[in-house]
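Chains, contacts and geometry: an overview
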Amino acid sequence: MAVEKTVQTNQMDFDFSAEPEIETKTKKSKSNKDIKAISVKNSSKAADKKTGKKAKASVAGTAESMAAKQRDISVSEFFAKNRHLLGFDNPRKALLTAIKEAVDNSLDACEEAHILPDIVVTIKQITEKKFTFIVRDNGPGIVDKQIPNIFARLLYGSKFHSLKMSRGQQGIGISAAGMYGLLTTGEPVQIISRTDKSKKASHYHVQIDTAKNKPQVMFDEDCDFELPSGTQVTITLEGKYQKGKQSIDEYIAQTAMANPHTEITYNAPDGTTYKYERQIKKMPFVPVEIKPHPYGVELGLLYKMARESSSKNLSAFLHHDFSRLSSHLANEICKKAKLSRNARPANLIMKEAEQLYNAISETKIMAPPVNCIGPIGEDELEHGLRRVVDAEFYASCTRKPTVYRGNPFLIEAAIAYGFKTESQNGNGDDDKTPQMELKRFANRVPLLYQQGACSIHKAVVDTNWRNYNLSQSKGSLPMGPVVLMIHIASVWVPFTSESKEAIAHYPEIIKEIKLAIQECGRKLGMYLRRQRRIKQEMVKRGYIETYLPFIGEALQEILTLKDEQVKTIVSRLKEVLEKTRQI
């Protein structure tokens, strides 16, 4: 709009300035003074016209000027500007996200080192908006040279290329928390880590250089540490502490629920200490890293893997670089693709890669191995649920592993019925029926936000809970004092965003969640029907106990029986009526 306006103004100036020139040629009677004035005016208009052209040139960009502005964008610069993508979009959620990332790292480190985790989380409120939190674990510790990169460099880690179940995936979490703390308070991340009891602990202060996505070490010295090995992380950031749903308190409780082998001590900002004792004194199954499954590899990735492979022939490449491909099956795929088994993978062209890709999709290949994922387990699920929820009935199930896009995953579910609500404790209306509480987990990590966007929520809502004696409105969770826990374990959980708050709607995942829900639902339905029958029988028992004495008195009057005879008849009647009842 601004450019068009400038052009129109210049055109008007040109038309207007042309008129006096014609007049000077036709009207000779004008004086020299007038002619001089007109000349000055024309010169002024010409200058204005020239200035307008320069203004137009300054507004319109050229290829050269645009090229001069183009430069690399650091990943840390991008996420510093778009921190909401990582879960740092408001102070309350930012504090929760930062603590979650630190706890996840601690649990992963302990389990990988086969150590039963002892986690201590402490939150201190400095000012109204400023908080400092400390997360300490008894893990294996971190070697000195890796500390700056782990805590002050985005997309740096060991889990992204590893196909096995882990809480962290991208190498963003804890370094993003440190970056958020630096942006909001200017304070660096403080780390104390010790790898061996015979060595001193290392004490670092690090911060991220967002322009280069590189760590800056502000402080480095040896220090004492109370644990023989472990790591302690301290981050100061802008946050907000608030109890209730989607709070840090709820996150800690749900983490304890999904990790019964962990002992967690939580020191809240209000001075309250919560301790979740270890329920199981054995390590959970430790996943084993696997190779990519052929069904989960797309054409471009297959071509890239072949070009970068160190295998000397195509058959060896398929056999060694993928899971579930024997030498015999690899030769069969080469034959289907009409490619020589002895061809060098590094010399593969795109057309040949496409032939290989199509041959793989046409070949029946065994599902990937499942030792790369570790379920919580049915008994452990129930233990974890009992740890947090006091209820009348519990049920759990673990589905068999299956695959989406070549990635193994499994679904677990646990349900608790009959827990006491606040209203039942005297704080509200006793007749009000609560809505089901849905607890979502991915690789043992609680998911507290974006419930409506998650495939777990969709599967629960789409299940017909009336079959299991629970009332339900269309498109909503069922009503009742029920806690439902759903856990997905996978080598690569398909989160909908970098903040890892909701799981994508893959049909295979939704189907497995529904099957797990139905298995627990059937157990719940049997329990509720049995409880209903027992309640009805209690009512019948009340009738018997109420009216039998009157029957005895009537028989005594009609048959002129003695008191002892009446007692005997009433006792026999009671036994007969109880035997005829069906429970």
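Quick caveat, the model's predicted, so the values are computed rather than measured.

**Here's the deal with the side chain of Thr 463**
Position of Thr 463 relative to the elements: it lies in the loop between α14 (455–462) and β14 (482–490). Relative accessible area serves as the criterion here: at 6%, Thr 463 is assigned to the buried category. If near-sequence neighbours (up to four positions away) are discounted, Thr 463 is found in contact with Tyr 468, Gln 472, Lys 514 and Ile 517.

**Structural notes on the confidence of the model for the protein**
Counting all residues, the mean pLDDT for the protein is 81, and 81% of those residues have values of 70 or more. Here helix α1 (residues 2–26) stands out as the element of the protein with the lowest mean pLDDT, 40, in contrast to strand β1 (residues 118–125), whose mean of 95 is the highest. In this model residues 1–31 is a low-confidence stretch, pLDDT under 50, and it forms 20 contacts with partners more than four residues away in sequence or in other chains. In the model, residues 422–429 has pLDDT below 50 throughout and makes nine contacts with residues more than four positions away in sequence or in other chains.

**With respect to the side chain of Arg 92**
Its place among the elements puts Arg 92 in helix α5 (residues 91–112). Despite its burial, Arg 92 pairs with no opposite charge; the closest candidate is Glu 250, at 6.7 Å N-O. With near-sequence residues (within four places) excluded, Arg 92 lies in contact with Lys 240, Gln 242, Lys 243, Gly 244, Lys 245, Gln 246 and Ser 247.

**Focus on the sheet that holds strand β2 (residues 130–137)**
If you trace the eight strands from one edge of the open sheet to the other, you get β5-β4-β3-β6-β2-β1-β7-β8, paired in mixed fashion. Where the open sheet ends on each side, the last strands, each with one partner, are β5 (214–223) and β8 (273–276). Geometrically, the sheet is characterised by an average inter-axis angle of 15 degrees between neighbouring strands, direction not taken into account. The pairing of strand β4 (residues 201–209) with β5 spans nine bridges and is classified as antiparallel. Looking across to β5, one finds that Tyr 204 is bridged to Asp 220. In this fold α5 packs onto β1, β2 and β6 (230–238), with an angle of close to 10 degrees to the strand it touches most, β2.

**What to know about the environment of Cys 223**
Structurally, Cys 223 can be placed in strand β5. Residues Cys 223 and Ser 202, spaced 21 residues apart in sequence, show a C-alpha to C-alpha distance of 6.0 Å. Apart from the residues lying within four places of it in its own chain, the contact partners of Cys 223 are Ile 192, Lys 200, Ala 201, Ser 202 and His 203.

**Things to note about a positive patch on the surface**
A grouping of Arg 529, Arg 530, Arg 532 and Arg 533 is seen on the molecular surface, where their side chains present a positively charged patch. By relative accessible area, which is 47% here, Arg 530 ends up partly exposed.

**Remarks on helix α13 (residues 378–388)**
Inspection of α13 places Glu 380, Leu 381, Gly 384, Leu 385 and Arg 387 among the buried residues, and these make up the whole buried set. For α13, the arc enclosing every buried residue in end-on projection is 150 degrees, short of the 170-degree limit, so these residues lie on one face. Residues of α13 that are buried make contact with α8 (248–258), β7 (263–267), β8, β9 (393–398), β11 (407–417) and β14.

**Things to note about a negative patch on the surface**
On the surface, Asp 144, Asp 220, Glu 221 and Asp 222 cluster together into a patch of negative charge. By the secondary structure assignment, Glu 221 is in strand β5.

**What to know about unusual backbone geometry**
The backbone of Asn 213 sits at a positive phi, close to 55 degrees, despite the residue not being glycine. Tracing the backbone shows Asn 213 in the loop between β4 and β5. By relative accessible area, which is 11% here, Asn 213 ends up buried. A positive phi angle, close to 70 degrees, is found at Arg 444, a residue other than glycine. Along the chain, Arg 444 turns up in the loop between β12 (437–442) and β13 (445–447).

**Let's talk about empty space enclosed by the protein**
As enumerated under the stated definition, the model contains three cavities of 30 Å³ or more in all. In this structure, the largest cavity occupies an estimated 110 Å³ of space. In terms of lining residues, the largest cavity is bounded by 14 residues, among which Leu 96, Lys 100, Leu 448, Tyr 449 and Glu 501 are the most central. Those elements that place two or more of their residues in the lining of the largest cavity are α5 and β13. Top contributing element to the lining of the largest cavity by residue count: α5, with four residues. Each residue belonging to the lining of the largest cavity can be placed in one class, and the counts come to seven nonpolar, three polar and four charged. Taken as a whole, the second largest cavity encloses approximately 70 Å³ of empty space. Around the second largest cavity sit 12 residues that line it, and Arg 167, Ala 442, Val 445, Phe 495 and Lys 500 are the ones nearest its centre. At the level of elements, α5 and β13 are the ones that each hand at least two residues to the lining of the second largest cavity. Class assignment for the residues of the lining of the second largest cavity results in five nonpolar, three polar and four charged.

So, how was this worked out
Residues numbered from 1 in each chain as written. Predicted model: local features only at pLDDT ≥ 70, side-chain atom pairs only at ≥ 80, totals over all residues. Heavy atoms only, no water. Helix = DSSP H or I, 4+ residues; strand = E, 2+ residues; numbered from the N terminus. Buried < 20%, exposed > 50% of the residue type's maximum accessible area, 1.4 Å probe, protein only. Contact = heavy atoms within 4.5 Å. pLDDT = per-residue confidence, 0-100. Lys, Arg positive; Asp, Glu negative; His and termini not counted. Salt bridge = Lys/Arg side-chain N within 4 Å of Asp/Glu carboxyl O. Pairing = 2+ DSSP bridges. Axes fitted to C-alpha atoms, helices over the stretch in contact; angles between N-to-C directions. Patch = residues over 30% accessible without salt bridge, like charges linked within 9 Å, V, L, I, M, F, W, Y side chains within 5 Å. Areas by Shrake-Rupley, 256 points an atom, 1.4 Å probe, with all protein chains shown as cover. Charge placed at Lys NZ, Arg CZ, Asp CG, Glu CD. Arc of directions from axis to C-beta. 1 Å grid on protein atoms, 1.4 Å probe; cavity = no way out; pocket = protein on both sides within 12 Å on 5 of 7 lines; lining within 4 Å. Points joined across faces, edges and corners; volume = space filled by probe spheres on them. Nonpolar A, V, L, I, M, F, W, Y, C, P; charged D, E, K, R; others polar.

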